[in-house]
Amino acid sequence: MGKSSDVRSVWLRPRREQRGEPPLTHSRIVAAAVALLDEEGIDRLTMRRLAERLDVVAPSLYWHVDTKDDVIDLAVDAIFGEAPPKPGAGRAQEWRDDVTAVLAGWRAALLRHPWAAAVPARRRPTIGPNFLAGMEILQATLARAGFTGQSLSAATWALYNHVMGSATSQTALHITDEERRLGQEQLRAARDRYPTLAANGYLYDDDWDGSYSAGLAYILDGLEAQL
């Protein structure tokens, strides 16, 4: 049997019994954490700063969360619950629309809270109830369309990686107009090595919404061809 120290996810550990009536609740902690993360980013989050925002002493937080990673896990799941995905129509022929709707909700949440985009790539599993509700709808939709076994898993992760990768790139990449201009000039000067990048304005390609939608259509077309 595994030891409790081997379980890092806040979602897989039993909650501590509380002594009396603590001044904090999970919902208060999570709301304050999301606000702090939105304002200052993930690198500025500390238990001390979170306690100050809640107007409590830091040890009070440890009745509810063990580490800063716990706080981040709770905050990430909270943003996925801001606009809960709705089950699809239930008709197999509409599976593409239902998949698109789930991914659109995830992407919107990640873009509203840029700090969250890279969090699922950490080593801790994304298994909070709000995220799992969306994943359940996604896999149920794919299963209804006809995917099973390994093909269901592959389809799920192709879609997941597309939306997460797109949101992460959009929120993490910051390039100035001058950097674009100078970078593209360098590409043109080295067009013998990078002819396609020089000819197609590689560094000016920032149509995030268009690229996301087109990429999703390519994936869905490929999945549909497998059915």
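Everything numeric in this text was worked out from a predicted model, so none of it was measured. (Residues numbered from 1 in each chain as written. Predicted model: local features only at pLDDT ≥ 70, side-chain atom pairs only at ≥ 80, totals over all residues. Heavy atoms only, no water.)

This brings us to the UniProt feature "DNA-binding region" (unreviewed entry) in the protein. The residues that UniProt annotates with the feature "DNA-binding region" (unreviewed entry) are residues 46-65. Spanning residues 46-65, this segment combines 60% helix with 0% strand, and its end C-alpha atoms are found 12 Å apart. (UniProt positions renumbered as here; feature names shortened; annotations may be inferred. Helix = DSSP H or I, 4+ residues; strand = E, 2+ residues; numbered from the N terminus.)

Turning to the environment of Glu178, a few remarks are in order. Here Glu178 shows up in helix 8 (residues 177-189). In this structure the side chain of Glu178 is engaged in a polar contact, spanning 2.5 Å, whose partner is the side chain of Arg181. (Polar contact = N/O pair within 3.5 Å; in protein donor to acceptor, adjacent residues only side chain to side chain.)

Scanning the entire structure with this criterion turns up 7 aromatic pairs. Arranged with centres 5.0 Å apart and planes meeting at 20 degrees, the rings of Trp106 and Phe131 form a pair that is stacked. Note that Trp106 is positioned in helix 5 (residues 95-112) and Phe131 in helix 6 (residues 129-145), a separation of 25 residues in sequence. Here Trp106 matches Phe131 in class, with each residue buried. Each residue in the set Phe80, Trp106, Phe131, Trp157 and Tyr160 is aromatic and connected to the rest through ring pairs, giving one cluster. Over the ring of Tyr212 we find Arg107, and its NZ or CZ is 4.5 Å from the ring centre. (Phe/Tyr/Trp six-rings, centres within 6.5 Å; stacked < 30°, edge-to-face > 60°. Buried < 20%, exposed > 50% of the residue type's maximum accessible area, 1.4 Å probe, protein only. Lys NZ or Arg CZ within 6 Å of the ring centre and 35° of its normal.)

Now for the environment of Ile175. Secondary-structure assignment places Ile175 in the loop between helix 7 (149-172) and helix 8. Along the backbone, Ile175 and Tyr204 are 29 residues apart, and their C-alpha atoms lie at a distance of 9.9 Å. Once residues within four sequence positions are removed from consideration, Ile175 is found in contact with Arg180 and Leu203. (Contact = heavy atoms within 4.5 Å.)

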